[in-house]
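Observations on chain architecture
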Amino acid sequence: MKELIIDAIAYGSQGDETAFFSWLTSIEDVINVFGQGLELHVELKSDCLSDEPLREFIALFNRYGIPMKALAQFRSKQNESWFYGNREAYWHESVFACDSDT
């Protein structure tokens, strides 16, 4: 099981917070979400994410201004061409900026 840790998020309203958690918990591989101090812990089914959940995390992190560097750990041979190889994608620099392969 893999865990993503997200630092505190500023929500615009109660509805915004509700929308965030609704989106987060609807992502296919998310099995549990809990807060610990100012951190949000997201437990995932496995260390590997398929394309659809990974794309949802990219969009969610982008929408809520969550640093995307944590998503780099999900780079795999299966998603190499679109996730890492697509250097023009809006998320590429945010996810892989310090990657020595860039």
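Before going into details, it helps to say that this report is about the structure given with it. Quick caveat: nothing in here was measured; it's all calculated off a predicted structure.

Points about the packing of aromatic side chains
Any pair of aromatic rings gets described here by the distance separating the centres and the angle formed by the planes. Applying the stated criterion across every chain yields a total of 11 aromatic pairs. Here the aromatic rings of Trp82 and Trp91 are separated by 5.7 Å at their centres, their planes lie at 75°, and the arrangement is edge-to-face. Taken as a pair, Trp82 and Trp91 share a single burial class, namely buried. Aromatic side chains Phe83 and Phe96 sit 5.1 Å apart centroid to centroid with 70° between the ring planes, which places their arrangement in the edge-to-face category. You can see Phe83 sitting in helix H3 (residues 80-84) and its partner Phe96 sitting in helix H4 (residues 92-96), a full 13 residues away along the chain. Each member of the pair, Phe83 as well as Phe96, is classed as buried. Grouping aromatic residues by their ring pairs yields a cluster made of Trp82, Phe83, Tyr84, Tyr90, Trp91 and Phe96. Taking NZ or CZ as reference, Arg55 lies 3.8 Å from the ring centre of Trp82, over its face.

Concerning the pairing of strand E2 (residues 30-36)
In this structure, E2 lies alongside strand E3 (residues 39-44), joined through six bridges in antiparallel fashion. Paired with Phe34 across the bridge in E3 is His41.

Details of the pattern of salt bridges
By the definition in use, this model includes one salt bridge. Between Arg75 and Glu80 there is a salt bridge; the shortest N-O distance is 3.0 Å. By relative accessible area, Glu80 is classed as partly exposed at 29%.

Quick notes on the environment of Lys2
Structurally, Lys2 is set in strand E1 (residues 2-6). Along the chain, Lys2 and Arg55 lie 53 residues apart, while their C-alpha atoms are 17 Å from each other. Non-local contacts of Lys2, meaning those with residues more than four positions away in its chain, are made with Val42, Glu43, Leu44, Ser46, Asp47, Gln73 and Phe74. A distance of 3.1 Å separates polar atoms of two side chains, one belonging to Lys2 and the other to Gln73.

A short note on the sheet that holds E3
Taken in spatial order, the three strands of this open sheet run E1-E3-E2, and their pairing is antiparallel. Looking at which strands have only one partner, the edges of the open sheet turn out to be E1 and E2. When strand polarity is set aside, the average angle formed by the axes of neighbouring strands in this sheet is 20°. Note that E1 and E3 share five bridges and pair antiparallel. Within E3, the position partnered with Glu3 by the bridge is Glu43. Contacts from helix H1 (residues 14-26) reach E2 and E3 within the one sheet, and its direction differs from that of E2 by about 140°. Running at roughly 15° to E1, helix H2 (residues 51-63) makes contact with E1, E2 and E3 of the sheet.

What counts, and where the lines are drawn
Residues numbered from 1 in each chain as written. Predicted model: local features only at pLDDT ≥ 70, side-chain atom pairs only at ≥ 80, totals over all residues. Heavy atoms only, no water. Phe/Tyr/Trp six-rings, centres within 6.5 Å; stacked < 30°, edge-to-face > 60°. Buried < 20%, exposed > 50% of the residue type's maximum accessible area, 1.4 Å probe, protein only. Helix = DSSP H or I, 4+ residues; strand = E, 2+ residues; numbered from the N terminus. Lys NZ or Arg CZ within 6 Å of the ring centre and 35° of its normal. Pairing = 2+ DSSP bridges. Salt bridge = Lys/Arg side-chain N within 4 Å of Asp/Glu carboxyl O. Contact = heavy atoms within 4.5 Å. Polar contact = N/O pair within 3.5 Å; in protein donor to acceptor, adjacent residues only side chain to side chain. Axes fitted to C-alpha atoms, helices over the stretch in contact; angles between N-to-C directions.

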